[in-house]
Amino acid sequence: MTPFPVFRISVQNATLLSALYLAAATVLEGIRRIWNPRWAEKACLAMEAFPARALDVVGLLDLVKKEYAWGALTQFHVRLIFGAATIAVIFLLAIVVGFGMWLFAKAVMKGEEA
C-alpha cells in the first residue's frame, strides 16, 4: 500500500475551510452593515459564537470582553482575535483528525503485512 499524505491533505482542507469561513463571515458582515436585514444579524451572531466559545474554553473571552469594554481593543481588534481563534481551532481539529487518520492508516498497513 502506498503511503497516504494524511497531514498534507488535512492542512490543505483546514486552509480551505478557514478561507471559506472567513470569506463567508466577511460577506455576511458587509451585508449586515450595508442593508442590515434581520437574517444577516442572526447569521453574524451565529458565526461569532464559534470563536467566542473557543476563547471561553481557554479562558480568554472574559479578558477580551474586559479590554473591549475599557477601550483597549477596538471592534476591528475583536474581529481579528475572533478570526485568529477560528483559524486556530480549525487547524487544531485538522491536526487531531489527521493524526487519527494516520494512526488508522498505519494500523491498516500493519494488518496487510501480517
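Residues numbered from 1 in each chain as written. Predicted model: local features only at pLDDT ≥ 70, side-chain atom pairs only at ≥ 80, totals over all residues. Heavy atoms only, no water.

Novice: Before we go on, may I ask you to explain the environment of Trp 39 in this structure?
Specialist: Examined against the element boundaries, Trp 39 turns out to sit in helix α2 (residues 38-57). With sequence-adjacent residues up to four places away left out, Trp 39 is seen in contact with Leu 28 and Ile 31. (Helix = DSSP H or I, 4+ residues; strand = E, 2+ residues; numbered from the N terminus. Contact = heavy atoms within 4.5 Å.)

Novice: Is there a simple way to explain the nonpolar core in this structure?
Specialist: Generally speaking, a soluble globular protein has its nonpolar side chains buried in company with each other. Counting eight residues, the largest nonpolar core is built from Ala 52, Leu 55, Leu 61, Val 64, Leu 73, Val 78, Phe 82 and Ala 85. Mapped onto this core, the elements with two or more residues apiece are α2, α3 (61-69) and α4 (75-113). When residues of this core are assigned to their parent elements, the largest contribution, three residues, is made by α4. Sequence-distant contacts of Leu 55, defined by excluding residues within four places in its chain, comprise Leu 60, Leu 61, Ile 81, Phe 82 and Ala 85. If you look at the next biggest cluster of nonpolar residues, it comprises seven residues, including Tyr 21, Leu 28, Cys 44 and Ala 94. (Core = buried A, V, L, I, M, F, W, Y, C linked by side-chain atoms within 4.5 Å. Buried < 20%, exposed > 50% of the residue type's maximum accessible area, 1.4 Å probe, protein only.)

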